[in-house]
Amino acid sequence: MPILLKAALTALLVISLSTIAGEKVTLRCPDRGWAEVTFHLFQHVSVLWENNSFYVSDARRSQSNKFYTFTNRDVLSVRNGFQFIYADSGRAVSCSILSRVPTQDLRLETLR
């Protein structure tokens, strides 16, 4: 591959990756307290609960990316607000939003 083309593709990739940021949403959810949900780059989602339980979404998210299944089998719906379906009880709850902030971009540097 020509050096100029390789440099152009690398620059495009770095610019694309550095301009896309995620979002961190802090929620108050019935029976569990606060939850910090982070929507990472490339549709990966994680949740940190008030009791320091941490879970990540697995590959079973919906095609529309409106439902996320976590490793503890809880399901997060982001269709109309934020609702969790707790796996341990099967109960669906609506969570209130405490804050929403964009996450910091991570710039990757390459060594030459």
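Since this is a predicted model, take the numbers as computed values, not measurements.

When helices and strands are tallied, the protein chain shows one helix and eight strands. In the protein chain, the order of α-helices and β-strands from amino to carboxyl end is α-β-β-β-β-β-β-β-β. When each of the 112 residues of the protein chain is scored for burial, the buried share is 26%. Sequence separation of 24 or more characterises 35% of the internal contacts of the protein chain that already satisfy a separation of 6 or more. For the protein chain, the computed accessible surface area is about 7,800 Å², with 57% contributed by carbon and sulfur atoms.

Another aspect to go through is the nonpolar core. If you look at the biggest cluster of nonpolar residues, it comprises 18 residues, and the most contacted ones within it are Leu27, Val37, Phe39, Leu76, Phe82 and Phe84. Listing elements by their share of this core, those giving two or more residues are β1 (23–29), β2 (33–39), β3 (45–49), β7 (82–85) and β8 (92–102). Each residue touching Leu27, except ones within four places of it in the same chain, is listed here: Gly33, Trp34, Ala35, Val37, Phe82, Phe84, Cys95, Ser96, Ile97 and Leu98.

Turning next to the environment of Gly81. Along the chain, Gly81 turns up in the loop between β6 (75–77) and β7. For Gly81, a relative accessible area of 40% translates into the label partly exposed. On a C-alpha basis, the gap between Gly81 and Ser94 in space is 7.7 Å, while along the polypeptide they are 13 residues apart.

What follows covers unusual backbone geometry. Trans is the common state for peptide bonds, and a negative phi is the common state for residues other than glycine. In the Ramachandran plot, Asp31 falls in the positive-phi region, its phi being about 70° despite a non-glycine side chain. Tracing the backbone shows Asp31 in the loop between β1 and β2. In this structure, Asn52 takes a positive phi of about 70° despite not being glycine. Here Asn52 is to be found in the loop between β3 and β4 (54–56).

Our next topic: the sheet that holds strand β5 (residues 67–69). Read across the open sheet, the eight strands follow the order β4-β3-β2-β1-β8-β7-β6-β5; overall the sheet is antiparallel. Each end of this open sheet is capped by a strand with a single partner; those strands are β4 and β5. Going across the sheet, the axis of each strand differs from the next one's by a mean of 25°, ignoring polarity. The pairing of β3 with β4 spans three bridges and is antiparallel. Bridge pairing in β4 places Leu48 opposite Phe54.

Within this structure, the stated rule accounts for five salt bridges. With a closest N to O distance of 2.8 Å, Arg100 and Glu23 form a salt bridge. With Arg100 in strand β8 and Glu23 in strand β1, the pair connects residues that are 77 residues apart, well separated along the chain. The residue Arg32 makes a salt bridge to Asp74 at a minimum N-O spacing of 2.4 Å. You can see Arg32 sitting in the loop between β1 and β2 and its partner Asp74 sitting in the loop between β5 and β6, a full 42 residues away along the chain. Exposure remark for Arg32: the relative accessible area of 22% places this residue in the partly exposed category. Residues joined by salt bridges that share partners form a network here, namely Arg32, Asp74 and Asp88.

Calculation rules
Residues numbered from 1 in each chain as written. Predicted model: local features only at pLDDT ≥ 70, side-chain atom pairs only at ≥ 80, totals over all residues. Heavy atoms only, no water. Helix = DSSP H or I, 4+ residues; strand = E, 2+ residues; numbered from the N terminus. Buried < 20%, exposed > 50% of the residue type's maximum accessible area, 1.4 Å probe, protein only. Contact = heavy atoms within 4.5 Å. Areas by Shrake-Rupley, 256 points an atom, 1.4 Å probe, with all protein chains shown as cover. Core = buried A, V, L, I, M, F, W, Y, C linked by side-chain atoms within 4.5 Å. Pairing = 2+ DSSP bridges. Axes fitted to C-alpha atoms, helices over the stretch in contact; angles between N-to-C directions. Salt bridge = Lys/Arg side-chain N within 4 Å of Asp/Glu carboxyl O.

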